[in-house]
Amino acid sequence: MMKSKNLILMMLAMVLTTTGIYAQDHNETKTVFGNKKFNPFKKINTLGLYVAPEIQYAGLAGGYAPMGGVSAMLQVNKKWGIGGVAYSTLGEYTPTKLSSMKSYNFDAQFGGLKLEYTPKPNSLVHVSFPLVIGAGMAQIDSVGANHNSKNDGDMYGEKGKDESGMKESGKMGKEDNLFFMIQPGIHLETNILKYAKIFVGANYRIAAGKSGVTSTNPLLIPTSSQMSGLSVNFGIKVGLFDYDIHRKKNKITNQPNP
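What you see is a predicted model, and the numbers here were worked out from it, not measured in a lab.

### Brief notes about the sheet that holds strand β4 (residues 104–117)
Two orientations exist for strands paired in a sheet by backbone hydrogen bonds: parallel and antiparallel.
Part 1 of the argument: Read around the closed barrel, the eight strands follow the order β1-β2-β3-β4-β5-β7-β8-β10; overall the barrel is antiparallel. Sheet twist, expressed as the average angle between the axes of neighbouring strands with direction ignored, equals 25°.

### A closer look at the packing of aromatic side chains
Part 1 of the argument: Going through the model one piece at a time under the given rule, you end up with five aromatic pairs.
Part 2 of the argument: Summarising the aromatic geometry, the rings of Y50 and F241 are spaced 5.4 Å apart at their centres and angled 35° between planes, so their arrangement reads as tilted. With Y50 in strand β1 (residues 46–60) and F241 in strand β10 (residues 229–244), this pair connects stretches of sequence that are 191 residues apart. This pair shows no difference in class: Y50 is buried, exactly as F241 is.
Part 3 of the argument: We note K197 situated over the ring of F241; from NZ or CZ to the ring centre the distance is 4.7 Å.
Part 4 of the argument: Just above the ring of F199 sits the side chain of K237; from NZ or CZ to the centre is 5.9 Å.

### Topic: the pattern of salt bridges
Part 1 of the argument: Enumeration over the complete set of coordinates arrives at three salt bridges.
Part 2 of the argument: Here E116 makes a salt bridge to K237, at a shortest N to O gap of 3.1 Å. Of this pair, E116 sits in strand β4 while K237 sits in strand β10; the two residues are 121 residues apart in sequence, bridging distant segments of the chain.
Part 3 of the argument: The buried category is assigned to E116, whose relative accessible area is 4%.
Part 4 of the argument: The class for K237 is buried, based on a relative accessible area of 2%.
Part 5 of the argument: When the shortest N-O distance is used, the salt bridge between E189 and K237 registers 2.4 Å.

Parameters and conventions
- Residues numbered from 1 in each chain as written.
- Predicted model: local features only at pLDDT ≥ 70, side-chain atom pairs only at ≥ 80, totals over all residues.
- Heavy atoms only, no water.
- Pairing = 2+ DSSP bridges.
- Helix = DSSP H or I, 4+ residues; strand = E, 2+ residues; numbered from the N terminus.
- Axes fitted to C-alpha atoms, helices over the stretch in contact; angles between N-to-C directions.
- Phe/Tyr/Trp six-rings, centres within 6.5 Å; stacked < 30°, edge-to-face > 60°.
- Buried < 20%, exposed > 50% of the residue type's maximum accessible area, 1.4 Å probe, protein only.
- Lys NZ or Arg CZ within 6 Å of the ring centre and 35° of its normal.
- Salt bridge = Lys/Arg side-chain N within 4 Å of Asp/Glu carboxyl O.

Here it is in structure tokens:
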């Protein structure tokens, strides 16, 4: 019995001694974001938020068509941007690759996640590298087709006719007509005001996948190659680009940003 008590007392003494030594060396709980050597938020000095409407002259279905687009972006340290973008064709686009008589409209939309890197944002003229990763869809129909009719699920309402006068019919759901898309590019930007920049650039859009549209006319089924192509664009960025998140601290210490 005495041996058991002595053993317990010895073990308790060892635990207390070890705990005391460890407490002297480690008197503060370590956390990921509390570690001064590893704190990703400490390196964030400025934040920005801007919108960027633009016009893109895009390669689609063997020709070029105007597209309107707009981005909404969050910017970190003036260099890194993340947000979303959406594009859509403007007006009626009737590529001759589909019909020499321009009998078909080609409507396209695409968008998704947008990432952007700007190496030297403080320079009057500088470059940026946008990257869009997302999805796109296209619809091909006869010029003047009625989309408001619900005749038997026909995608044209009143059934359209091809150049030979034969009737066309097809069914399409938006979920069946999506293509995966990625669009890298390069932009040349100019700082015109503190809260505005203009840019011009070039992009190359790559689409992959297969349309699920069914039609008796193969010309009415969009393809990934029709959604791929080179484009040029120009636009304007408007917003706040350099909000100092350490502003209050710097005012108190009268020290510049780290």
